[in-house]
Each structure stands twice: as C-alpha cells, then as structure tokens.
Amino acid sequence: MANEDKATRYQRLRRRTFLLGTAWQAVLLVAILVTGGSSALRLAIESRVGPGFAIVCFLYVLAIGVLYELVRLPLAFYHGVVLERRYSLSTETTGRWWTDHVTSSAITLGCLVAGALLVSSLLRWSPDRWWIAAAVSFAATLVLLAKLMPAVLLPFFYDVKPLAREPLGSRLLALADRAGARVLGVFEWRVGDRTRKASAALVGIGSGRRILVSDTLLAEHSDEEIEAVLAHEIAHDARGHVWSAIALEAGLIALGCYAADAALTVLGPALDLEGKSDIAALPLVALAVGAVSFASMPVTNALSRAHERTADRDALEMTRNQAAFISAMKRLAGRNLAEERPSRLIELLFHTHPSTAARIEAAKQLDSRL
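To keep things clear, this report deals only with the structure shown in the data block.

Cut-offs used in this document
Residues numbered from 1 in each chain as written. Predicted model: local features only at pLDDT ≥ 70, side-chain atom pairs only at ≥ 80, totals over all residues. Heavy atoms only, no water. Helix = DSSP H or I, 4+ residues; strand = E, 2+ residues; numbered from the N terminus. Buried < 20%, exposed > 50% of the residue type's maximum accessible area, 1.4 Å probe, protein only. Core = buried A, V, L, I, M, F, W, Y, C linked by side-chain atoms within 4.5 Å. Contact = heavy atoms within 4.5 Å. Pairing = 2+ DSSP bridges. Axes fitted to C-alpha atoms, helices over the stretch in contact; angles between N-to-C directions. Polar contact = N/O pair within 3.5 Å; in protein donor to acceptor, adjacent residues only side chain to side chain. Parallel < 35°, antiparallel > 145°, perpendicular 65-115°, else oblique. Nonpolar A, V, L, I, M, F, W, Y, C, P; charged D, E, K, R; others polar. Phe/Tyr/Trp six-rings, centres within 6.5 Å; stacked < 30°, edge-to-face > 60°.

## Structural notes on unusual backbone geometry
Then, number 1: One non-glycine residue, Asp272, lies in the positive phi region at around 60°.
Then, number 2: In this structure, Leu337 takes a positive phi of about 55° despite not being glycine.
Then, number 3: With respect to the secondary-structure elements, Leu337 resides in the loop between α12 (322–336) and α13 (344–350).
Then, number 4: Overall, Leu337 belongs to the buried group, its relative accessible area being 9%.

So this is what it looks like as structure tokens:
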C-alpha cells in the first residue's frame, strides 16, 4: 500500500469506515435479539408506562436509537472530523460538526420512530400482508423527501441564497431551458465553512427544482466548467434518472419488507418473540431490510454508473465543450480526492460513478464523433 496515492488512501479509509459501521450496526442488532435484550427492554418499558402500543413503541425505538448513536459516535467522529482533517478536506470547527451531527441524528431518530410506528401498526393490522403496505408507504416517502429536500431539509444544515453572479445564473437558466428543465432559479449553496469539496446539483422534483452551485465550485472553477458540470446534472433530470432510481429503490424496499416478513415467520419463534407484531421484533425487521439493501449495492451502483455515463454524454452534446468538461472532471476529482483508476472490483461494489479516467476517456472518444 506504500505506492497508493493520496486519493486512493483516503477512499480506502472511507470504505473501511463504512464497512465497519455497517458491521457494527448488524452486530448490535443481532446481540439485542439473541441475548433477549430486545424483549427485556420492551417488558421494562411496559412495566413503567403500561401496555399502550404507541408510547411503548416510541420509547423502545428511542432507547435503541440512542444506544446505537452512542456506540457509533467514535466512528462517526473519525469519519466526519479526523479523516477529513487528515486529508485537508474539512474547514469546519469541531463545534459546528457537533451541531450538525446532533441535528442529523435527531432527524434520523425522528424518521426511525415514525417508520417503526408505521411498521408496527401495519403488523398489528395485517400480519400477513403488512409488508406490501409498508413497501408502498416507504416508496411514497422517497418521492416526498425528493420534493421536500431543497425547501425543508437543506436549510437545517446549509445557507442557500440566490446566485449573485447574474451572467452565470442566466447562462445556467438558459442551459436548463434548452434541455426542457423547468427550475425555480439558481442558488449558491454555501458549504465552504464545512468542506473544501466542490459540487453542484439540480435538486427537487416537479415545480420545486432548483439549481445549486456550491460556493467552493464558484470560487475555483470557470463559468464554462460550471456550465459543463450543471449540464451533467440537468441531463439527469431530462432523462428522468431520479424516477428510475426511485423505482429501483421502491422495488428493493418491497424485497426488503418481504425478507423481513419471512425472517419474522422463520426466526421469530426461536427468538421468543410474541408474534410478528411484537415491538421487540423491530431489530429483526431492520436486519432483514438492511441485509437486502447492503446486498443490492452492486445493482444500485451499476444503475447509477449507467446514469452517469449517459449524463456525461448528454452534457457534452449540450455544451459542445470537451475542454471545459475534461478540465472540470480533473479539477473536481483532485479537489474531492476521487480515485482516478480504482480496481474493477472496487468500482463494481462501491462506486456510484465511473472512474475519473474512464469519464475523461469517454469524453475524448465522444468528442471526435460530435
């Protein structure tokens, strides 16, 4: 590993952190189930507040969620602070990281409580068909979150304001108009007080779409390079990639819920659970859904890479500016420490984008045919 470059080392450590966090989550849930801790926790809560379903479910998930956050905190701090600072990518203070972490954890915990209440209610309502209703509900939630993110979720963490560079804003709006993408406007996405990484995005769906350009991208890239990056993002929208990605996720959610139902049927009695609707069975549901999600990563990543290749091609056809596209890719890869040439196995398992080298080579080949 002595010959690894900086980007390769950074990405390798990120993957290790992700895998360790995933394994730790699985170990925690398995331990809670096989030791009887899950049932004991449910009984302890019922002994204090009574058998009320909603309050018991709420306190149960709250306790498990807080426990999980506490045990994963060292790993989260390493990933978010230590690693980013080691590779000179972080610009945020430790205090700001704590504020963001607590905020995101609170939001996540709230979502977990809501999801657990939904699943438990559906299990009580229809033990045999609950997974169908759960899959439909969670798929609808994906669509709702995609629409709400720009207006509701982003302000929790970032300042977003209308782009002050009028010529660039007009240029990007004209690009979106040519592609048939209706947007509310172009906004500066202020991330520079947290990271040196640069990015841009077209967020939201329907009439709520917005073009976001990070202040770090604005500071370091030319208007032509920014246009090339946004052309790529707009191409995703024009091709309906968000909908195909949501459709795949919805299918995987349905598969995960079905796997959870099977796990409850087969393993529930061995774990001394009081039926499928036992609140103490929620960790088993989480394990089954998580196992399907983890196992399907190569599939979701393959779809994502296919989308990225198509968006690259469309962006070049929209802008007819190979030089700007290639320079933008090189500078973004360098700034964000993306691996230029990962191994084929690593790319298949973990990468949502083609390698930087592959994207540049494809751009050169396409340009000769334009």
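## Overview of the nonpolar core
Then, number 1: Membership of the largest hydrophobic core comes to 31 residues, with the highest contact counts inside it found for Cys57, Tyr60, Val61, Trp130, Leu264, Ile279 and Leu282.
Then, number 2: Going through the elements one at a time, α1 (6–34), α3 (53–86), α4 (94–125), α5 (130–153), α9 (241–267) and α10 (282–295) are the ones with two or more residues in this core.
Then, number 3: In terms of residues, this core owes the most to one element, α3, which gives 6 residues.
Then, number 4: Aside from chain neighbours lying at most four places away, what touches Val61 is Leu109, Leu112, Val113, Ala116 and Leu282.
Then, number 5: With 30 residues, the next largest nonpolar core counts Leu202, Ala228, Val229 and Met329 among its residues.

## What to know about the sheet that holds strand β3 (residues 200–203)
Then, number 1: On the basis of which strands lie adjacent, the open sheet formed by 4 strands has the order β1-β2-β4-β3 and mixed pairing. Since the sheet does not close on itself, it has two edges, and those belong to β1 (159–162) and β3, each with one partner. Adjacent strand axes in the sheet meet at a mean angle of 30°, parallel and antiparallel pairs treated alike.
Then, number 2: In terms of strand pairing, strand β2 (residues 186–190) meets strand β4 (residues 210–214) through 4 bridges, oriented parallel. Residue pairing for β4: Trp189 is matched across the bridge by Ser214.
Then, number 3: The sheet strands contacting helix α8 (residues 223–238) are β3 and β4, and the helix crosses β3 at an angle near 30°.

## Re the environment of Met329
Then, number 1: Tracing the chain through its elements places Met329 in helix α12.
Then, number 2: Residue Met329 is classed as buried on the basis of its relative accessible area, which comes to 9%.
Then, number 3: Expressed as a C-alpha distance, the spacing of Met329 and Ala228, which sit 101 residues apart in the sequence, is 9.3 Å.
Then, number 4: Those residues in contact with Met329 that sit more than four places away from it in its chain are Thr356, Arg359 and Ile360.

## Side note on the side chain of Ser90
Then, number 1: As for its position among the elements, Ser90 is in the loop between α3 and α4.
Then, number 2: Given the relative accessible area of 13%, Ser90 is considered buried.
Then, number 3: At a separation of 3.4 Å, a polar atom in the side chain of Ser90 contacts the main-chain amide nitrogen of Glu92.
Then, number 4: Those residues in contact with Ser90, other than ones at most four positions away along the chain, are Glu84, Arg85, Arg194, Thr195 and Arg196.

## Some thoughts on the packing of α8 against α12
Packed helix pairs are specified by the crossing angle of their axes together with the interaxial distance, meaning the distance between the axes.
Then, number 1: Two elements in contact, α8 and α12, have axes separated by 8 Å at closest approach and are oriented at 85°. It follows from the interaxial angle that α8 and α12 lie roughly perpendicular. Residue-level contacts link Glu224, Glu225, Ala228 and Val229 of α8 to Ala324, Phe325, Ser327, Ala328, Arg331 and Leu332 of α12.
Then, number 2: Broken down by class, the residue content of the contact of α8 with α12 amounts to 6 nonpolar, 1 polar and 3 charged.

## Notes on the packing of aromatic side chains
Then, number 1: The final tally for this structure, using the stated rule, is 7 aromatic pairs.
Then, number 2: Residues Phe77 and Trp97 carry aromatic rings whose centres are separated by 5.3 Å and whose planes lie at 90° to one another, so their mutual orientation is edge-to-face. Of this pair, Phe77 sits in helix α3 while Trp97 is found in helix α4, placing the two residues 20 residues apart along the sequence.
Then, number 3: Take Phe77: its relative accessible area is 26%, and that puts it in the partly exposed class.
Then, number 4: Residues Phe77 and Trp98 carry aromatic rings whose centres are separated by 6.3 Å and whose planes lie at 35° to one another, so their mutual orientation is tilted. Placement of the pair is Phe77 in helix α3 and Trp98 in helix α4, with a sequence separation of 21 residues.

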